[in-house]
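Breakdown of the fold
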Amino acid sequence: TMLVEPIRAYADTRSGFIDEMVRIIGAAQKDEMSRQKFGGQMRSAIRKFGLIAMRDGMNEVGYDPESFSREELAKFRQWQETQSAYVGGLSSEMFKEGGITENEVRLRASMWASITLESARQLGLLLGKPGQMMEWVLGRTEEHCDDCMRLNGQVHSIQAWTDSGWTPTSGKTECKSFNCDCTLRPTTKPEQGNF
């Protein structure tokens with residue numbers, strides 16, 4: 001039962017993040033904000049929700065520091081810089097002629113949650129308990145790529161998953177992590193599978 005609350009907490013974090021992304025991406029899609037303001041608001045939301053998601057991941061494995069250590073903050077900043085680069089790419093796409101359609105706004109918000117927010121949760125898991133065994137669980141998408149199918153049910157420590165590069169957010173899978181809502185879940189199962 002220990003794992004129920006933190007997973008619910010992350011689901012709430014994810015839901016709040018998607019709402020914020022819909023608001024920001026939607027406003028840019030309707031030309032209601034400048035490119036500069038869009039970039040600033042995106043980065044601010046990523047920082048805010050990323051910190052919460054990282055803590056959610058830590059809590060999921062029973063680690064709840066009063067404050068983050070220097071090393072943990074440095075790792076978070078690295079994560080933040082990586083995500084910030086993606087904001088530039090989205091910004092270029094949003095503000096070019098044609099941009100994205102209104103129908104794509106929610107889809108883009110979900111994609112940011114699946115990759116950006118989930119990677120912050122995984123960082124929290126890694127910092128919280130590197131030896132925690134994690135099982136790959138298929139998401140709810142209708143079709144799964146061969147890599148996700150192959151990794152489904154495999155169990156490795158969060159450190160091993162991270163070191164291998166095979167995580168649901170790495171972009172290494174055939175689906176490139178787009179629209180992929182596969183996840184790594186804490187488990188008590190022994191190691192199984194071979195990346």
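Along each chain, residue indices are assigned from 1 in the same order as the chain's sequence is written. Only residues with pLDDT of at least 70 get local features here, since the model is predicted, and only at 80 or more are side-chain atom pairs given and counted; chain-wide, interface and lining totals rely on the full set of residues. To obtain the side-chain values, all non-hydrogen atoms of the structure were used and water was disregarded.

**What about the packing of helix α2 (residues 35-60) against helix α3 (residues 70-94)?**
How two helices sit against one another is set out by the angle between their axes and by the gap between those axes. Each axis is a line fitted through C-alpha atoms, and for a helix only the stretch in contact is used; angles between axes span 0 to 180 degrees, taken between their N-to-C directions. Secondary structure elements follow DSSP: runs of H or I of four or more residues count as helices, runs of E of two or more count as strands, with numbering from the N terminus. Interhelical geometry of α2 versus α3 gives an angle of 145° and a closest axis separation of 9 Å. In this structure, the crossing between α2 and α3 has a hand that is right-handed. Where α2 approaches α3, its residues R35, F38, G39, M42, R43, I46, R47, G50, L51, M54 and M58 are matched on the opposing element by E72, F76, W79, Q80, Q83, S84, V87, G88, L90, S91, S92 and M94. Taken together, the residues of the contact of α2 with α3 sort by class into eleven nonpolar, eight polar and four charged. Note on convention: near helix rotated counterclockwise from far helix by under a right angle means a left-handed crossing. Clockwise means right-handed. Contacts: residue pairs with any heavy atoms within 4.5 Å of one another. Residues are grouped as follows: Ala, Val, Leu, Ile, Met, Phe, Trp, Tyr, Cys and Pro are nonpolar; Asp, Glu, Lys and Arg are charged; all remaining types, including Gly, are polar.

**Remarks on the packing of aromatic side chains**
For Phe, Tyr and Trp, where Trp contributes only its six-membered ring, two rings pair if their centres lie within 6.5 Å, and the inter-plane angle classes them as stacked under 30 degrees, edge-to-face over 60, or tilted in between. Taken as a whole and judged by the stated rule, the model has five aromatic pairs. Pairing W161 with F195 gives two aromatic rings, centres 5.2 Å apart and planes at 75°, and the pair type is edge-to-face. With W161 in helix α6 (residues 158-164) and F195 in the segment after β3 (183-186), the pair connects residues that are 34 residues apart, well separated along the chain. The cut-offs for exposure are 20% and 50% of the maximum accessible area for each residue type, with area from a 1.4 Å probe on protein chains only; residues under the lower value are buried, those over the upper are exposed, and the others partly exposed. Looking at F195, the relative accessible area reads 25%, which means it is partly exposed. Every member of this aromatic cluster is reached through a ring pair, and the members are W136, W161 and F195.

**Concerning the pattern of salt bridges**
Take a side-chain nitrogen of Lys or Arg and a carboxyl oxygen of Asp or Glu: if they are within 4 Å of each other, that pair is a salt bridge. A complete count under the given rule lists nine salt bridges for this structure. In this structure, E118 and R121 form a salt bridge, with 2.5 Å as the shortest nitrogen-oxygen distance. Linking E118 with R121, this pair stays in helix α4 (residues 104-128), spanning three residues, or about one helical turn. Given a relative accessible area of 3%, R121 falls into the buried group. As a salt-bridge pair, D147 and R150 come within 3.1 Å of each other at their nearest N and O atoms.

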